[in-house]
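Overview (structure and organization)
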Amino acid sequence: GQDPARQAVVGAVWRIGDGLHARALAARAHALRTLFELAQAFGRALDREAIVSRLAYALMGQLMIRRVAVALCESADGPMDLVLARGAEAVEVPLALCTLTAPVSLDDAALRAEGWRWVVPLRAGDVTRGAVLLGPPAFAADDWTPDADTTDFTAALAALAVGALETADRVEERVDRERLREEVR
């Protein structure tokens, strides 16, 4: 037989591994529940402000980050249109971020100096509608880089938000058309 001390150590290692696996699964299940709940909340929100605010609070709560800014690619020149800044002063978001196709670590020295670390594009199909700037989590090192699960979660959350923004824009356009028809009559 095997040495009882070795058996105890091997058993402990397996239990630790099982515990880590169970925690990882629990964290993923929590993230999926959060995404499901947010999909429902985004579906009920028909105005841009409510959608962007829910996105920011969800990111701050889930990732425990200190600051979030959301900017939209609506102007052809100059900085992006800042629509929300939580945990930070107003920030000038460069139009170059409208070319992003995936979440990335920020390399803009001015934004990094202001405490921003990461950017998540708001994409609708092949078009980037905006960008979400994120600071580091409350208890993270200053050089924080998100892991794959965090990247996947934020990309999924951004996709839900941009879908809701697209719907809100279509609803607003329809209301405007109806209003114009009524005025013409």
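Counting restarts for each chain: residues are numbered from 1 in the order of the written sequence. With the structure being a predicted model, the display of local features is reserved for residues of pLDDT at least 70 and the display and counting of side-chain atom pairs for 80 or more, all residues being used for whole-chain, interface and lining totals. The side-chain quantities take in all heavy atoms of the structure and omit both hydrogens and water.

**Some thoughts on unusual backbone geometry**
Notably, M64 is not glycine yet its phi reads approximately 55°, a positive angle. In this text, helices come from DSSP runs of H or I with a minimum length of four residues, and strands from runs of E with a minimum of two, each type numbered from the N-terminal end. Here M64 is to be found in the loop between α2 (48-63) and β1 (68-72). Relative accessibility under 20% of the residue-type maximum defines a buried residue, over 50% an exposed one, and the middle range a partly exposed one, all with a 1.4 Å probe and only protein chains included. Classification of M64 as partly exposed rests on a relative accessible area of 46%.

**So, the nonpolar core**
Counting residues in each nonpolar core, the largest one holds 32 residues, and the members touching the most others are L55, L59, V68, V132, L134 and L157. Of all the secondary structure elements, the ones that give two or more residues to this core are α1 (4-44), α2, β1, β4 (118-124), β5 (127-134) and α4 (148-184). Discounting residues that sit within four places of it in the chain, V132 has contacts with L55, L59, V68, A69, V70, W118, V119, V120 and L122. In terms of nonpolar packing, the next biggest core, distinct from the first, is built from 14 residues, A69, M80, C98 and L100 among them. We define a nonpolar core as any set of buried Ala, Val, Leu, Ile, Met, Phe, Trp, Tyr and Cys residues linked to one another through side-chain atoms lying within 4.5 Å. Contact definition: two residues touch when any of their heavy atoms are within 4.5 Å.

**Focus on the state of the cysteines**
Pairs of cysteine sulfur atoms within 2.5 Å are identified as disulfides in what follows. Taken as a whole and assessed by the stated rule, the structure comprises one disulfide. Each sulfur of the disulfide joining C73 and C98 lies 1.9 Å from the other. Here the S-S torsion is close to -110°, and the disulfide linking C73 with C98 is therefore left-handed. In this pair, C73 is assigned in the loop between β1 and β2 (81-86) and C98 in the loop between β2 and β3 (104-105), connecting sequence segments 25 residues apart. Residue classification places C73 among the partly exposed residues on the basis of a relative accessible area of 23%. A residue is classified by how much of its surface remains accessible, and C98, at 17% relative accessible area, is buried.

**Thoughts on the packing of α2 against α4**
For helices, the axis comes from a line fit to the C-alpha atoms of the stretch in contact; other axes are also lines fit to C-alpha atoms, and the angle between any two N-to-C directions lies between 0 and 180 degrees. Taken N-terminus to C-terminus, the directions of α2 and α4 make an angle of 170°; their axes are 9 Å apart at the nearest point. It follows from the interaxial angle that α2 and α4 lie roughly antiparallel. For the pair formed by α2 and α4, the contact residues are R48, I51, V52, L55, A58, L59, Q62 and L63 on the first element and T150, F153, T154, L157, A161, A164, L165, A168 and D169 on the second. Classifying every residue of the contact of α2 with α4 gives twelve nonpolar, three polar and two charged. These descriptions rest on fixed angle ranges, namely under 35 degrees for roughly parallel, over 145 for roughly antiparallel, 65 to 115 for roughly perpendicular, and the rest for oblique. Gly is placed with the polar residues, together with every amino acid not listed as nonpolar (Ala, Val, Leu, Ile, Met, Phe, Trp, Tyr, Cys and Pro) or charged (Asp, Glu, Lys and Arg).

**Observations concerning the confidence of the model for the chain**
Of all residues in the chain, 88% attain a pLDDT of 70 or more, and the chain-wide mean is 83. By mean pLDDT, α1 is the weakest element of the chain at 72, and β1 is the strongest at 92. Along the chain, pLDDT gives the predictor's confidence residue by residue, from 0 to 100.

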